[in-house]
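# Tertiary structure, described
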Amino acid sequence: MIPKEDFMYALGKDYIALRNNLKAYCYVNGLEFSEDVFHNTMMNCYNTVNKNNITFENEQEVKYYFCKAFKINLIREKSYSDNKAKEDEMKMWGRKGPDGKPECGEGGCSSC
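Presented here is a report on the structure given in the accompanying data block. On a predicted model such as this, the values are computed, not experimentally measured, just so you know.

About the criteria used
- Residues numbered from 1 in each chain as written.
- Predicted model: local features only at pLDDT ≥ 70, side-chain atom pairs only at ≥ 80, totals over all residues.
- Heavy atoms only, no water.
- Helix = DSSP H or I, 4+ residues; strand = E, 2+ residues; numbered from the N terminus.
- Buried < 20%, exposed > 50% of the residue type's maximum accessible area, 1.4 Å probe, protein only.
- Contact = heavy atoms within 4.5 Å.
- Phe/Tyr/Trp six-rings, centres within 6.5 Å; stacked < 30°, edge-to-face > 60°.
- Salt bridge = Lys/Arg side-chain N within 4 Å of Asp/Glu carboxyl O.
- Core = buried A, V, L, I, M, F, W, Y, C linked by side-chain atoms within 4.5 Å.
- Axes fitted to C-alpha atoms, helices over the stretch in contact; angles between N-to-C directions.
- Parallel < 35°, antiparallel > 145°, perpendicular 65-115°, else oblique.
- Left-handed = near helix turned anticlockwise from the far one by under 90°.
- Nonpolar A, V, L, I, M, F, W, Y, C, P; charged D, E, K, R; others polar.

Here the focus is the overall build of the protein chain. Each helix and strand in the protein chain was counted, giving four helices and zero strands. If you list the helices and strands of the protein chain from N to C, you get α-α-α-α. A buried classification covers 22% of the 112 residues belonging to the protein chain. Taking as baseline every contact in the protein chain between residues at least 6 positions apart, the subset at least 24 positions apart corresponds to 63%.

Below is the structure:
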């Protein structure tokens, strides 16, 4: 049984191997590994475990919990950055596409 106080110790024991495994996961799946997402996930997991008094049966469960959270956060971060890029492009073009035509919702397409 791993109490909440030992969560970071369990992750820290194999920190390099865990990081390298997640980098390999990202490479294989065509995702970009982010140190920021990795460390933010670690801190968010730590806070959640302490706040909710979560305990784990073994170190494998700790790693699984962290890896699952990392994968979700990585996908969410990518989605957020894609949406942010679209918003920035919309601002740059004044809600018009690069071809100068209005975006959907402004009467410039067949579905409006």
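So, about the packing of aromatic side chains. Under the criterion given, the structure shown has eight aromatic pairs. Relative to Phe70, the ring of Phe38 lies with its centre 6.0 Å away and its plane at 75°, an arrangement referred to as edge-to-face. With Phe38 in helix 3 (residues 35–52) and Phe70 in helix 4 (residues 59–93), this residue pair connects regions lying 32 residues apart in the sequence. In this structure, Phe38 and Phe70 share a single accessibility class: buried. Among the aromatic residues, those joined into a ring-pair cluster are Tyr15, Phe33, Phe38, Phe66 and Phe70.

A separate point is unusual backbone geometry. Not every positive phi belongs to a glycine, and Asn53 is a case in point at roughly 55°. Take Asn53: it is sitting in the loop between helix 3 and helix 4.

What follows is about the pattern of salt bridges. Applying the stated criterion across every chain, the model contains three salt bridges. In this structure, Glu59 and Lys13 form a salt bridge, with 2.7 Å as the shortest nitrogen-oxygen distance. Here Lys13 lies in helix 1 (residues 7–13) and Glu59 lies in helix 4, a separation of 46 residues in the sequence. Classification of Glu59 as partly exposed rests on a relative accessible area of 24%.

Ranked by internal contacts, the top residues of the largest apolar core, which has 20 residues, are Phe7, Leu11, Leu22, Phe38, Val62, Phe66 and Phe70. Broken down by secondary-structure element, the contributors of at least two residues to this core are helix 1, helix 2 (15–28), helix 3 and helix 4. When residues in this core are grouped by element, the largest group, six residues, is from helix 4. With near-sequence residues (within four places) excluded, Phe70 lies in contact with Leu22, Cys26, Phe33, Ser34, Val37, Phe38 and Thr41.

Now for the packing of helix 2 against helix 3. Orientation of helix 2 relative to helix 3, taken along the N-to-C sense of each, is 125°, at an axis distance of 12 Å. On the basis of the axis angle, helix 2 is oblique to helix 3. Crossing angle aside, the handedness with which helix 2 passes helix 3 is right-handed. Contacts between helix 2 and helix 3 involve Tyr15, Arg19, Leu22 and Lys23 from the former and Glu35, Phe38, His39 and Met42 from the latter. Across the contact of helix 2 with helix 3, the residue classes break down as four nonpolar, one polar and three charged.

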